[in-house]
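Okay, here's what each chain looks like letter by letter:
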Amino acid sequence: MLLQDRIVLVTGASRGIGAATARLLAAHGAAVAVNYFQNETAAKAVVDAIEAEGGRALAVQADVRDRSEVEAMVGWISDELGVIDTLVNNASIEFPVVPFMEYPWEAFHDKLVGELGAAFFCCRAVAPAMIKAGRGCIIAVSSGLSRHPGHGFCAHSTAKSGLDAFVRALAIELGPHGIRVNTVSPGLTITDATAFLPQEAKNASAGATPLGRNAEPEDIAGVVLAMAADITGFVTGAYVPVSGGNLML
């Protein structure tokens, strides 16, 4: 029970990495708020799975790109579960995979502003209570594409690299208040969000990885758990690749 009595908000937790993370953190004793944008059925299924295993969870709808919705969500979670001491910024804003010369500015703008706005609003909403408590943990889920961009992913790579810089800035500013801020950076992970990729691309990615496979959501969740737990209490501002060795720092 690495997270006994912790109160965790996981954004974008109705599927994929977010859902796996919510379930694992709950299995280690945390009460988990499962944020979702549109898929209420999937979010409630995550909550049901947690409760079936004896954990505490609730589903909460909010568009994390909207400051007022985020503030209302955090307030409601605090009333229902308790004050949030751990935030997992996992929600990723959708984007088209298009070559730069064909990329619509509006889509590029929406990805950057949406991705960074979601992180900004969520962190601003939970930080005051963490500062008051003198402790807290914020984890951002980035992407290996922030370090090694791919063809057609210019908006995603730029947004995630901005998120990485944001994390480092917060680590410096919030560290004196006992708040740790870190990045977990998945390599190619097999979820419905990557289902559009051709099998050839997935095979090539696995072949370039020393461990010889692509990630599963549970692989990422395990590292999020480790970074959230007190056993990593002296780690902040870190960028942790979870790519089977594809990226070595």
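If you're wondering where the values come from, they're calculated on a predicted model, not measured in any experiment.

Thresholds applied
Residues numbered from 1 in each chain as written. Predicted model: local features only at pLDDT ≥ 70, side-chain atom pairs only at ≥ 80, totals over all residues. Heavy atoms only, no water. Helix = DSSP H or I, 4+ residues; strand = E, 2+ residues; numbered from the N terminus. Rg over C-alpha atoms; globule rule 2.2 N^0.38 Å. Contact = heavy atoms within 4.5 Å. Areas by Shrake-Rupley, 256 points an atom, 1.4 Å probe, with all protein chains shown as cover. Salt bridge = Lys/Arg side-chain N within 4 Å of Asp/Glu carboxyl O. Buried < 20%, exposed > 50% of the residue type's maximum accessible area, 1.4 Å probe, protein only. Pairing = 2+ DSSP bridges. Axes fitted to C-alpha atoms, helices over the stretch in contact; angles between N-to-C directions.

Please explain the overall build of the protein chain as it appears in this structure.
Check the secondary structure of the protein chain and you find 7 helices and 7 strands. Seen in sequence order, the protein chain has helices and strands lined up from the N terminus as β-α-β-α-β-α-β-α-β-α-β-α-α-β. Taken over C-alpha atoms, the radius of gyration comes to 17 Å for the protein chain, in line with the 18 Å a tight globule of 249 residues would show. Judged by the C-alpha coordinates and their principal axes, the protein chain covers about 45 × 40 × 35 Å. At a minimum sequence separation of 6, the contacts of the protein chain that also span at least 24 residues come to 73%. Summed over its atoms, the accessible surface of the protein chain is roughly 11,600 Å², and 57% of this surface lies on carbon and sulfur atoms.

How should I be thinking about the pattern of salt bridges in this particular structure?
Proximity of charged atoms lets side chains of opposite charge pair with each other. Considering all chains together, one arrives at 10 salt bridges under this definition. Here Asp192 ties to Arg15 by a salt bridge, and the two come within 3.3 Å at their closest N and O atoms. With Asp192 in the loop between strand 6 (179-186) and helix 6 (199-207) and Arg15 in the loop between strand 1 (7-10) and helix 1 (16-27), this residue pair connects regions lying 177 residues apart in the sequence. Residue class for Asp192 comes out partly exposed when judged on its relative accessible area of 48%. In this structure, Arg65 and Asp63 form a salt bridge, with 2.9 Å as the shortest nitrogen-oxygen distance. Residues joined by salt bridges that share partners form a network here, namely Arg6, Asp85, Arg135 and Asp230.

What is the right way to look at the environment of Ala59 in this model?
On the secondary structure map, Ala59 appears in strand 3 (residues 56-61). For Ala59, a relative accessible area of 22% gives the class partly exposed. Taking the C-alpha atoms as reference, Ala59 lies 6.0 Å from Lys44; in sequence the two are 15 residues apart. In this structure Ala59 touches Val34, Tyr36, Ala43, Lys44, Val47 and Trp76, once residues within four positions along its chain are discounted.

What is the right way to look at the sheet that holds strand 3 in this model?
Sheet strands pair by backbone hydrogen bonding; their relative direction is either parallel or antiparallel. In spatial order, the strands read 3-2-1-4-5-6-7; together these 7 strands make up an open sheet with parallel pairing. Taken across any chain shown, the strands that pair with only one partner, and hence form the sheet edges, are strand 3 and strand 7 (239-242). Averaged over all neighbouring strand pairs, the angle between strand axes comes to 20°, with direction disregarded. In terms of strand pairing, strand 1 meets strand 2 (residues 31-36) through 4 bridges, oriented parallel. Note on strand 2: the bridge partner recorded for Ile7 is Ala31.

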